[in-house]
Structure formats: structure tokens, C-alpha cells
Amino acid sequence: MMTQPLSLRMTRSDVSRNMARFYFLSLQPTLFGEVMLIRNWGRIGTAGQTRFETFSEEEAAFVALHRLRCQKIKKGYCAD
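Read on for a plain summary of the structure. (Residues numbered from 1 in each chain as written. Predicted model: local features only at pLDDT ≥ 70, side-chain atom pairs only at ≥ 80, totals over all residues. Heavy atoms only, no water.)

Counted by the stated rule, this structure contains two aromatic pairs. For the pair Tyr23 and Trp41, a centre-to-centre distance of 6.1 Å together with 20 degrees between the ring planes defines the contact as stacked. Here the residue Tyr23 occupies a position in strand S2 (residues 19-29), and Trp41 occupies one in strand S3 (residues 35-43), the gap between them amounting to 18 residues. For Tyr23, a relative accessible area of 5% translates into the label buried. For Trp41, a relative accessible area of 23% puts it in the partly exposed group. Arranged with centres 6.2 Å apart and planes meeting at 70 degrees, the rings of Tyr23 and Tyr77 form a pair that is edge-to-face. Note that Tyr23 is positioned in strand S2 and Tyr77 in the loop between helix H1 (58-74) and strand S5 (78-79), a separation of 54 residues in sequence. According to the relative accessible area criterion, Tyr77 is buried, its value standing at 8%. (Phe/Tyr/Trp six-rings, centres within 6.5 Å; stacked < 30°, edge-to-face > 60°. Helix = DSSP H or I, 4+ residues; strand = E, 2+ residues; numbered from the N terminus. Buried < 20%, exposed > 50% of the residue type's maximum accessible area, 1.4 Å probe, protein only.)

In this section: the side chain of Lys72. Within the secondary structure layout, Lys72 lies in helix H1. One buried charged side chain, Lys72, makes no salt bridge at all; its nearest oppositely charged neighbour is Glu53, positioned 13 Å away. Filtering out sequence-adjacent residues up to four positions away, Lys72 remains in contact with Met10, Tyr23 and Tyr77. (Lys, Arg positive; Asp, Glu negative; His and termini not counted. Salt bridge = Lys/Arg side-chain N within 4 Å of Asp/Glu carboxyl O. Contact = heavy atoms within 4.5 Å.)

Applying the stated criterion across every chain, the model contains zero disulfides. Free of any disulfide, Cys70 has its nearest cysteine sulfur in Cys78, 14 Å distant. The exposure class of Cys70 is partly exposed, given its relative accessible area of 30%. (Disulfide = S-S within 2.5 Å.)

Attention now moves to the environment of Gly33. By secondary structure assignment, the location of Gly33 is in the loop between S2 and S3. For the pair Gly33 and Glu58, spaced 25 residues apart in the sequence, the C-alpha separation amounts to 9.5 Å.

Without other data, these values stay purely geometric and don't point to any function.
Structure below.
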């Protein structure tokens, strides 16, 4: 099982379009032995929106995190 929480913060900025966004991904263990993928996104300086997804297997959570990370990189996000 997961011993340490894992997190990744990414940002995307474009001054010409007045764009300043963040995307935060985190894997956290739950009290029931599952792994929760927490996604938080929005405009930099705001609380943004949050979505939670629970996985029974750690490997599936890592695959989902990696898939989302790759999607955001393709859209121009950079890891902080």
C-alpha cells in the first residue's frame, strides 16, 4: 500500500490571452485501504474546483494520475 502521499502541481500561463491556470494532482491513502486521486484546478489565485476519485488498487490510481498528467502537458501545462 501507499506509504507517502504523492502530489504534482502544474501551471499554464499566456499573457496575451489573460490566462493563468493551475492543475493540482494528488494521491492520498484512504482510511479503508484504497487510494484517492484528488484533482484541483482553476485560475491562479482562486480556490478552483475539486474532484475526488477512489481506486481500490494503487496501480490504477497511478495510471490515472499519469494519464491526466500527459493530457495536461499536451495542452501546455508545465510542472512547478
